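Commentary on secondary and tertiary structure
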Amino acid sequence: MKGYNVAVVGATGAVGHEMIKVLEARKFPVKELKLFASARSSGKKMSFCGESLPVEELKSSSFKGIEIALFSAGAGRSVEFAPHAVKSGAVVVDNSSAFRMDANVPLVVPEINPQDIKLHQGIIANPNCSTIQMVVAINPIHQVSRIKRVIVVTYQAVSGTGMKAIQELERQVKEWVGGKKITHKVYPHPIAFNVIPHVDVFYDTGYTQEEMKMVHETHKIMHDDKIQVSATCVRVPVFRAHSEALHIELEKKLTASQVKDILSKAPGVKVQDDPQQNLYPLAIYTAGKYDVFVGRIREDIAFPNGIAMWVVADQLLKGAALNAVQIAELLSA
Ligand code: A2P
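1. Remarks on the overall build of the protein
Within the protein, the secondary structure is distributed over eight helices and 13 strands. Taken over the C-alpha atoms alone, the protein extends approximately 55 × 55 × 40 Å along its principal axes. Burial status across the protein gives 52% buried among its 333 residues. Roughly 15,100 Å² of accessible area belongs to the protein as shown, and the carbon and sulfur atoms make up 54% of that amount. Averaged over its 38 positive side-chain charges, the protein has a centre that lies 3 Å from the centre of its 33 negative ones.

2. Some remarks on unusual backbone geometry
Even without a glycine there, the phi angle at D200 is positive, about 80°. In this structure, D200 sits in the loop between helix 4 (163-177) and helix 5 (209-222). A relative accessible area of 30% means that D200 is categorised as partly exposed.

3. Let's talk about the site of the ligand
Within the structure, the ligand sits among 15 residues, and T12, A14, S38, R40 and S41 are positioned closest to it. T12 places a side-chain nitrogen or oxygen 2.6 Å from an oxygen atom of the ligand. A distance of 2.5 Å is found between an oxygen atom of the ligand and a side-chain nitrogen or oxygen belonging to S41. Contact with the protein chains hides 73% of the accessible area of the ligand, taken as 580 Å² for the molecule alone. Taking a 2 Å distance to the grid points as the criterion, the majority of the atoms of the ligand fall inside the largest pocket. Residue classes in the shell around the ligand are distributed as six nonpolar, seven polar and two charged.

4. A short note on the packing of aromatic side chains
This structure, assessed with the given rule, holds five aromatic pairs. When the ring of F36 is compared with that of F63, the centres are 6.0 Å apart and the planes differ by 50°; the resulting orientation is tilted. Placement of the pair is F36 in strand 2 (residues 30-37) and F63 in the loop between strand 4 (51-57) and strand 5 (68-71), with a sequence separation of 27 residues. Taking relative accessible area as the criterion, F63 reaches 0% and is therefore assigned buried. Relative to F193, the ring of W176 lies with its centre 4.7 Å away and its plane at 45°, an arrangement referred to as tilted. Placement of the pair is W176 in helix 4 and F193 in the loop between helix 4 and helix 5, with a sequence separation of 17 residues. W176 gets classed as exposed once you look at its relative accessible area, which sits at 52%. Here the aromatic residues F36, F63 and F71 are joined through ring pairs into a cluster of three or more. K2 extends its terminal NZ or CZ atom over the ring of Y4, reaching a point 4.5 Å from the ring centre.

5. With respect to the packing of helix 3 (residues 129-142) against helix 5
As a packed pair, helix 3 and helix 5 sit with axes 10 Å apart at the nearest point and diverge in direction by 40°. In this view, helix 3 runs oblique relative to helix 5, as classed from their interaxial angle. In this structure, helix 3 meets helix 5 at a crossing whose hand is right-handed. Where helix 3 abuts helix 5, its residues C129, S130, T131, M134, V135, I138, N139 and H142 lie against E210, K213, M214, E217, T218, I221 and M222. For the contact of helix 3 with helix 5, the class distribution of residues is seven nonpolar, five polar and three charged.

6. Concerning the pattern of salt bridges
Across all of its chains, the model carries 20 salt bridges by this definition. In this structure, E67 engages K2 in a salt bridge whose closest nitrogen and oxygen atoms are separated by 2.6 Å. Residue E67 is found in the loop between strand 4 and strand 5, and its partner K2 is found in the segment before strand 1 (4-9); the two are separated by 65 residues along the sequence. The partly exposed category is assigned to E67, whose relative accessible area is 23%. The salt bridge partner of E56 is K34, with a shortest N-O separation of 3.3 Å. Remark: K34 occurs in strand 2 and E56 occurs in strand 4; sequence separation between them is 22 residues. Of the residues examined, E56 reaches a relative accessible area of 28% and is grouped as partly exposed. Residues joined by salt bridges that share partners form a network here, namely E18, K21, R240 and D314.

About the criteria used
Note that residues are indexed from 1 along each chain, following the sequence as it is written. Local features are withheld for residues below a pLDDT of 70 in this predicted model, meaning they are given only at 70 or higher, and side-chain atom pairs are given and counted only at 80 or more; totals for whole chains, interfaces and linings count all residues. Side-chain measures were taken over the full set of non-hydrogen atoms in the model, leaving aside hydrogen atoms and water. A helix here means a DSSP run of H or I that spans at least four residues, while a strand means a run of E at least two residues long, and both kinds are numbered starting from the N terminus. Relative accessibility decides the category of a residue: with a 1.4 Å probe and only protein chains considered, values under 20% of the type maximum give buried, values over 50% give exposed, and everything between is partly exposed. What sets the accessible areas is the Shrake-Rupley method with a 1.4 Å probe; for residues, cover comes only from the shown protein chains. Only four residue types enter the tally: Lys and Arg on the positive side, Asp and Glu on the negative side, with His and both chain ends excluded. Just so you know, the charge point we use is NZ for Lys, CZ for Arg, CG for Asp and CD for Glu. Throughout, the term near means that a residue has one or more heavy atoms lying within 4 Å of the molecule or strand in question. Whenever two N or O atoms come within 3.5 Å, that pair is a polar contact, provided that in protein one can donate a hydrogen and the other can accept it, and provided that, for residues adjacent in sequence, both atoms are side-chain atoms. Both site types are read off a 1 Å grid over the protein atoms alone. A 1.4 Å probe that fits but cannot get out defines a cavity, while an open set with protein on both sides within 12 Å along at least five of seven lines defines a pocket; lining residues have an atom within 4 Å of a point. Placement in a cavity or pocket follows one criterion, namely that more than half of the molecule's atoms lie within 2 Å of its grid points. The classification used treats Ala, Val, Leu, Ile, Met, Phe, Trp, Tyr, Cys and Pro as nonpolar, Asp, Glu, Lys and Arg as charged, and all other residues, Gly among them, as polar. Any two rings among Phe, Tyr and Trp, with Trp reduced to its six-membered ring, count as a pair given centres within 6.5 Å; such a pair is stacked if its planes are under 30 degrees apart, edge-to-face if over 60, and tilted if neither. Think of it as a cone above the ring: NZ of Lys or CZ of Arg counts as a charge over the ring if it is within 6 Å of the ring centre and within 35 degrees of the ring normal. Every angle, taken between N-to-C directions, lies between 0 and 180 degrees, and every axis is a line fitted to C-alpha atoms, over only the stretch in contact when it is a helix. Each angle receives one of four descriptions, namely roughly parallel if under 35 degrees, roughly antiparallel if over 145, roughly perpendicular if within 65 to 115, and oblique otherwise. Should the near helix be turned anticlockwise from the far one by less than a right angle, the crossing is left-handed, and should it be turned clockwise, the crossing is right-handed. Should any heavy atoms of two residues lie within 4.5 Å, those residues are considered in contact. When a carboxyl oxygen of Asp or Glu is within 4 Å of a side-chain nitrogen of Lys or Arg, the pair counts as a salt bridge.

Given below as structure tokens:
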């Protein structure tokens, strides 16, 4: 099998760490792996397949010989450096929001629209984490009975904001236990023992950018811009794995047991649904897993043809690193 020269840009970040682990765990055919981050991390070492690899400062000249570049260093770095990677002949899989809605950039969830990667002109975008887990769970239902409307509320883990937010939650818990005043820098309010209905910046409409990503990216990935989506995105004091409550209106009625049956056969989905046994997806048990877990599947009494369900996934994995590596696997197939 051909081996690829791969770069991870943002290797020291929360998603970058996972990209390296997923490449190793899935035995992606890596010939050489290069790790890039800011000058602050230059000289650090990270391990991959038993080797200790140096982290190098990201520069426009970093991509010589690179064939696949996985970017997760923020949208600013993607805008600045992805064109250099493409010019050097690499295909970029970009985890930031920089290019997602660009008409020339496919936005891909391999379980849903793998065929779109063929349209790439050097850059393929990885969708937003909250969107990925929602579409993996709703697309199989949509194939059987068209989805007219989705109302979604998210409960998002702090690791979605990056390493600094993980450290902030840890520090705030220690401050609270130590009887000290809780200090905050990353979020506009303390996140420990709190629930903040604010992810990303607000628009004049009152929705946030994260909420509108869920609308527009769902349309692009599922190739159906008639699905009406309304989201409320909420940050919760969970380290890892996002949870979502979905309320869906279907064109034709499906029973809860039909939906369970559809989802139990869907790629990338695991149904975990036995409320009598207190079994439903939970963030702490989903952390570190690849699948999107679905439970609390029931007929929604507020809509005609309604289905309600609870969807949990590790947003650093399926919501970011795993999805990016799955795209790289499609490129290498
Ligand atoms: P560094 O660790 O050197 O700051 P997270 O989202 O978890 O905070 O991670 C962000 C990632 O993006 C880190 O790997 C970080 O590297 C990297 N990064 C941030 N700024 C730059 C930059 N100017 N050039 C290259 N990488 C950067």
